[in-house]
Amino acid sequence: MSTLSRKTPMNYRVKKVLSGVAIYCVLIVVCAIFFFPCLWLILSSFSATGSLYDIEGFFPASYSFDAFIKLFTDTSLHNYPKWLLNTLIISTANCILSTLLIIGTAYTISYFQFKSRKGLMKGALVLSMFPSFMGMTIIYILMTQFNIVNNIWGLVLIYSCTAPLGYLVQKGFFDTIPQSIYEAAKIDGATNARIFTTITLPLAKPIIVYTALTSFAWPWSDFILPKLLLIDKDNWTVAVGLMQLGQDEFSRFAAGSVFIAVPIVILYFFLVKYMVNGMTSGAVKG
């Protein structure tokens, strides 16, 4: 009996170690698969020739910083700084408006009980199931009727107006806040506005950061809507502008892609702890 008791913990530890090694091996392989195209794109941005056809195998034949220099200096045909500014304006404006609308919608549905609450939730859930590109035609017709096609603020309007449909994660977060806190505040005479500003918002910091970051990242890399609604070259975003580069300017395309990815990667690294807290807390639905 004593021999079995000594062997069982040993076998358990061996199995646990082997299981951990297997998991890490799988994770390393997955990371390598996802990292491979990123590394190839970064190396391609330093190609001296600039053409896609001059890259033999995985590594460019020669390296140079010319693609990054031309990206900001050669703006006669491809005005990358202007596209970058347009993208920054659209993403920042959408981040502010969408965050306000999503947080307001989620808190209202979570906190208040009103007659059409269930119907509104079901309607929003059904509408969010349809792919966004199904409404492209009607969106373009509406934008032409309001004469806001080829206007970056019209694009911000479309992004921010459709954003509240994705309120479910935020609502799940607000549902986790104990009702006893709200009841105690009401007993002390706090109004709904004061409860929201002094109690709910400080507690909801993780989900607010998560919402702001995702609202900023979506238009930062979106291609379909800007391509549909922005006609003039000066109004293009980076995603639309880079797609107009020819194959003989692939290194500039790669350099532009690498540069546009840097800000969003930095934001994710700095705010990832808030994102994780927001998503795990919001996973509990009420």
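What counts, and where the lines are drawn
Residues numbered from 1 in each chain as written. Predicted model: local features only at pLDDT ≥ 70, side-chain atom pairs only at ≥ 80, totals over all residues. Heavy atoms only, no water. Helix = DSSP H or I, 4+ residues; strand = E, 2+ residues; numbered from the N terminus. Buried < 20%, exposed > 50% of the residue type's maximum accessible area, 1.4 Å probe, protein only. Contact = heavy atoms within 4.5 Å. Areas by Shrake-Rupley, 256 points an atom, 1.4 Å probe, with all protein chains shown as cover. Axes fitted to C-alpha atoms, helices over the stretch in contact; angles between N-to-C directions. Parallel < 35°, antiparallel > 145°, perpendicular 65-115°, else oblique. Left-handed = near helix turned anticlockwise from the far one by under 90°. Nonpolar A, V, L, I, M, F, W, Y, C, P; charged D, E, K, R; others polar. 1 Å grid on protein atoms, 1.4 Å probe; cavity = no way out; pocket = protein on both sides within 12 Å on 5 of 7 lines; lining within 4 Å. Points joined across faces, edges and corners; volume = space filled by probe spheres on them. Phe/Tyr/Trp six-rings, centres within 6.5 Å; stacked < 30°, edge-to-face > 60°. Salt bridge = Lys/Arg side-chain N within 4 Å of Asp/Glu carboxyl O. Core = buried A, V, L, I, M, F, W, Y, C linked by side-chain atoms within 4.5 Å.

1. Comments concerning the overall build of the protein
Then comes step 1: Per the secondary structure count, the protein includes 13 helices and 0 strands.
Then comes step 2: A buried classification covers 36% of the 286 residues belonging to the protein.
Then comes step 3: Considering only contacts in the protein between residues 6 or more positions apart, those separated by 24 or more positions represent 73%.
Then comes step 4: Counting every atom, the protein has about 17300 Å² of accessible surface; 71% of that belongs to carbon and sulfur.

2. Here's the deal with the packing of helix α3 (residues 80-111) against helix α6 (residues 152-162)
Then comes step 1: At a closest axis distance of 9 Å, the pairing of α3 and α6 adopts a crossing angle of 30°. Classified by the angle their axes make, α3 and α6 are roughly parallel. Our pair here, α3 against α6, has a crossing hand that is right-handed. Contacts between α3 and α6 involve Ile-89, Ile-90, Ala-93, Asn-94, Leu-97, Ser-98 and Leu-101 on the former and, on the latter, Ile-152, Trp-153, Leu-155, Val-156, Tyr-159 and Ser-160.

3. Some thoughts on the packing of α3 against helix α9 (residues 192-203)
Then comes step 1: Two elements in contact, α3 and α9, have axes whose closest approach is 13 Å; the angle formed by their N-to-C orientations is 115°. In terms of axis orientation, α3 runs roughly perpendicular to α9. In this structure, α3 crosses over α9, and the sense of that crossing is right-handed. The residues of α9 that touch α3, namely those facing Ile-103, Tyr-107 and Tyr-111, are Asn-192, Ile-195, Phe-196 and Thr-200.
Then comes step 2: Taken together, the residues of the contact of α3 with α9 sort by class into 5 nonpolar, 2 polar and no charged.

4. Observations concerning the layout of surface pockets
Then comes step 1: Within this model, the largest pocket holds a volume of roughly 1000 Å³.
Then comes step 2: Around the largest pocket sit 37 residues that line it, and Tyr-159, Thr-162, Ala-163, Leu-165 and Trp-218 are the ones nearest its centre.
Then comes step 3: Going through the elements one at a time, α3, α4 (117-129), α5 (136-145), α6, α7 (168-175), α10 (205-221) and α11 (224-229) are the ones with two or more residues in the lining of the largest pocket.
Then comes step 4: Tallied by class, the residues present in the lining of the largest pocket amount to 25 nonpolar, 11 polar and 1 charged.
Then comes step 5: Counting residues per element, the ones that place at least two in the lining of the second largest pocket are α10, α12 (238-242) and α13 (250-282).
Then comes step 6: For the lining of the second largest pocket, the element with the highest residue contribution is α13, accounting for 7 residues.
Then comes step 7: Tallied by class, residues from the lining of the second largest pocket come to 12 nonpolar, 2 polar and no charged.

5. Quick notes on the packing of aromatic side chains
Then comes step 1: This structure, assessed with the given rule, holds 16 aromatic pairs.
Then comes step 2: Here the aromatic rings of Tyr-107 and Tyr-111 are separated by 5.2 Å at their centres, their planes lie at 10°, and the arrangement is stacked. Taken together, the residues Tyr-107 and Tyr-111, both in helix α3 and 4 residues apart, mark about one turn of the helix.
Then comes step 3: We classify Tyr-107 as buried; its relative accessible area is 6%.
Then comes step 4: Each residue in the set Tyr-107, Tyr-111, Phe-112, Phe-173, Phe-174, Tyr-182 and Phe-196 is aromatic and connected to the rest through ring pairs, giving one cluster.

6. Observations concerning the pattern of salt bridges
Once the charged atoms of two side chains with opposite charge are near each other, the side chains can pair.
Then comes step 1: Evaluated as defined, the whole model comprises 3 salt bridges.
Then comes step 2: Among the salt bridges present, the one from Asp-175 reaches Lys-171, with a minimum N-O distance of 2.6 Å. Of the two residues, Asp-175 and Lys-171 both sit in helix α7, 4 residues apart, roughly one turn of that helix.
Then comes step 3: Here Lys-171 falls in the buried class, since its relative accessible area comes to 4%.
Then comes step 4: Measuring nitrogen to oxygen at the nearest pair gives 4.0 Å for the salt bridge that ties Glu-249 to Arg-252.
Then comes step 5: Classification of Arg-252 by relative accessible area gives buried; the value is 7%.
Then comes step 6: When salt bridges that share partners are traced, they join Asp-74, Glu-249 and Arg-252 into one network.

7. Some words on the nonpolar core
Then comes step 1: Membership of the largest hydrophobic core comes to 32 residues, with the highest contact counts inside it found for Tyr-80, Leu-155, Leu-225 and Val-238.
Then comes step 2: At the level of secondary structure, the elements contributing two or more residues to this core comprise α2 (66-73), α3, α5, α6, α10, α11, α12 and α13.
Then comes step 3: Per element, the largest residue contribution to this core is 6 residues, and it comes from α3.
Then comes step 4: Membership of the second largest hydrophobic core comes to 19 residues, among which are Ile-109, Ala-124, Phe-173 and Ala-185.

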